[in-house]
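# Secondary and tertiary structure notes
Residue strings, one per chain:
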Amino acid sequence: MCLGAVASSSGATILAMKICFVGFHNLPVLAPEYRGHTIGGEAVQQTLLARALERRGHDVSMVVADYGQPDGEVWEAIRVFKAYSLEAGLPVLRFIHPRWTGMWSALTRADADLYYTSCAGMQVGLLALFCRRFRKRFVFRSASDTDCDRSRLLVRFARDRWLYAYGLRRADAILVQSASQAETLARNYGLAGRVAGMLVEKAQPIAAPDIDVLWVSNIRKVKRPDRILHLAERMPELKIHMVGGSLTGEEALFHDVRDAAATKTNVVFHGRLSYWDANELYGRAKVLVNTSDVEGFPNSYLQAWARGVPVVTLIDPDRVIEREGLGVAATSTTEIFDAVNHLLCDAAAWKAASDRCRAFMARDYAEDKVLAAYLETFERAARMDAGGGEMIVSSPARHV
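Residues numbered from 1 in each chain as written. Predicted model: local features only at pLDDT ≥ 70, side-chain atom pairs only at ≥ 80, totals over all residues. Heavy atoms only, no water.

What the 6 strands build is an open sheet, ordered β13-β12-β11-β14-β15-β16; its pairing is parallel. Every interior strand has two partners, whereas the edge strands, β13 (267–269) and β16 (327–329), have only one. Across this sheet, the average inter-strand angle for adjacent strands is 20°, counted without regard to direction. Pairing between strand β14 (residues 285–290) and strand β15 (residues 311–313): 3 bridges, direction parallel. The residue bridging V289 from the neighbouring strand is V312, located in β15. Strand contacts of helix α7 (residues 225–234): β11 (211–216), β12 (240–243), β13 and β14, with the helix running at about 165° to β12, the strand carrying the most contacts. In the packing of helix α8 (residues 251–262) onto the sheet, contacts are made with β12 and β13, and the angle to β13 comes to roughly 140°. (Pairing = 2+ DSSP bridges. Helix = DSSP H or I, 4+ residues; strand = E, 2+ residues; numbered from the N terminus. Axes fitted to C-alpha atoms, helices over the stretch in contact; angles between N-to-C directions. Contact = heavy atoms within 4.5 Å.)

Pasting the structure below:
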């Protein structure tokens, strides 16, 4: 393993590493010309983390899906290798080719010292196998509460659930989004996880907000878009904007939601928007509403808070909204309606919550502060190859 050195912002010397991010949907965030394709929160997080590490002198690459881009193309000094087209191959057989073969081929071309992926799925096991075979280091980060709970995994096939569990057991380090995820991971898998924060881009100044309620999510059943449509019916005076694209297997729901939104004069349904276009809407919003039954730590919260937009939601990771006053953590859909009404009708209450959001982000989400956990974890994993030592993730009960 070739390790150089770079200076951190504090002046300390840290290892310069070759790091590869494995995220099949990352390219539409990294490369504006592919912005029309589906992305999720982890694609945003991986890309922001990759950019931050590259700026600090690390050699950063990505393995992504094949969108028709040239292999090995460079965007923002990040070299991108394509694995396979997400639609390619015959059912059942495509697991071997092109998915396994294509992924391993791209991982080989990346030739990194340390590989990083997030989200439960088969790629976790395939990446662990690759790193074990070629003596590379591997770090995994959970992207949702369900990633830490075997009974709630959003992974369709038993084969892929087994591969995910296999990969977790063989990760050199596991990072999680919250303390509650770490507790769930230990309880369900007998594995330790370190809390690592999330990155968010600085908000650009914008004129006075003109959207009362913003809802942003992929259109899928667990995100409960029906609840925001119910809010539109109950409070017809509100200007509500919905952002979300369809996902494979839930196309019918997308069409139903789009058609229902079209019948409401107070709802603007944008469908899928690029990361950049969605960011512009956050700046125009007064309140972000999340109606999901299942989340991890949504990027949308950070994008809203950075712009002084309070969040009203049923999901409050580690009780941060309640503790810091960053909106309202509701316990029912009725409370969501009441909280939205209160924030929009009481200008002083909204302004106080907005100021707390900005202050919280400035204090707890400065880039160097968030990066510290990642850099320390990556450096410890990298040093293990040369100096040996215990695995970063260790537990008396490592078997799944």
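From this point, things continue past the structure.
Averaged over all residues, the pLDDT of the protein chain is 91; the fraction at 70 or higher stands at 92%. Taken together, the stretch residues 9–13 has pLDDT below 50 and engages in 5 contacts with residues farther than four places along the chain or on a different chain. Note that pLDDT drops below 50 for residues 386–391; the model gives that stretch 5 contacts with residues more than four away or on any other chain. (pLDDT = per-residue confidence, 0-100.)

This part is about the pairing of strand β7 (residues 114–118). Extensive coverage of β7 is indicated by the burial of 5 of its 5 residues. Here β7 shows no split at all, with L114, Y116 and S118 on one side and Y115 and T117 on the other all buried. Two elements, strand β3 (residues 18–22) and β7, share 4 bridges in a ladder whose sense is parallel. When the bridges of β7 are listed, C20 appears paired with Y115. (Buried < 20%, exposed > 50% of the residue type's maximum accessible area, 1.4 Å probe, protein only.)

With that settled, the discussion passes to helix α2 (residues 41–55). Taking 1.5 Å of rise per residue, the 15 residues of α2 would be expected to cover 21 Å, and the 21 Å separating its terminal C-alpha atoms lies within 8% of that figure. In terms of burial, α2 is a largely internal element, 12 of the 15 residues being buried. Within two residues after α2, G57 carries a phi angle of roughly 95°, on the positive side. (Expected span 1.5 Å × (residues − 1).)

Further remarks concern the nonpolar core. Grouped together as the largest cluster of nonpolar side chains are 105 residues, with contacts concentrated most on F21, V22, L53, V63, Y115, W305 and F378. Examining the composition of this core, we find that 8 residues originate from one element, helix α14 (residues 367–387), more than from any other. For F378, the contacting residues outside a window of four places in its chain are M17, I19, L53, L114, Y116 and V139. Core analysis: the next-biggest nonpolar cluster, separate from the first, contains 25 residues, M242, F254, F337 and L343 among them. (Core = buried A, V, L, I, M, F, W, Y, C linked by side-chain atoms within 4.5 Å.)

According to the stated counting rule, one finds 29 salt bridges in the structure shown. Between E42 and R141 there is a salt bridge, with the nearest N and O atoms lying 2.6 Å from each other. One end of the pair, E42, is in helix α2; the other, R141, is in strand β8 (residues 137–141), with 99 residues separating them in the sequence. We classify E42 as buried; its relative accessible area is 9%. The salt bridge involving K136 is made with D111; its shortest N-O contact spans 3.5 Å. Placement of the pair is K136 in the loop between α4 (122–134) and β8 and D111 in the loop between α3 (96–110) and β7, with a sequence separation of 25 residues. Owing to a relative accessible area of 41%, D111 belongs among the partly exposed residues under this scheme. When salt bridges that share partners are traced, they join R323, E324, R363, D364 and K369 into one network. (Salt bridge = Lys/Arg side-chain N within 4 Å of Asp/Glu carboxyl O.)

Below, the discussion takes up the packing of aromatic side chains. Under the counting rule described, the total for this entry stands at 22 aromatic pairs. Here the aromatic rings of F297 and W305 are separated by 6.2 Å at their centres, their planes lie at 90°, and the arrangement is edge-to-face. Residues F297 and W305 agree in their burial class; the two are buried. One aromatic cluster is present, formed by F95, W100, W104, Y115, F130 and F134 through successive ring pairs. Residue placement shows R133 over the ring face of F134; its charged tip is 4.7 Å from the ring centre. Over the aromatic face of F95 sits the side chain of R159, whose NZ or CZ is 4.1 Å from the ring centroid. (Phe/Tyr/Trp six-rings, centres within 6.5 Å; stacked < 30°, edge-to-face > 60°. Lys NZ or Arg CZ within 6 Å of the ring centre and 35° of its normal.)

Moving on to the sheet that holds β3. As summarised here, the arrangement of the 8 strands in space is β5-β6-β4-β3-β7-β8-β9-β10, forming an open sheet in which the pairing is mixed. The sheet is open, and its two edges are formed by β5 (73–75) and β10 (194–195), each paired on a single side. One ladder, built from 5 bridges, connects β3 with strand β4 (residues 59–64); its direction is parallel. By the bridge assignment, F21 is partnered in β4 with M62. Sheet contacts for α4: β3, β7 and β8; angle to β7, the most-contacted strand, approximately 170°.

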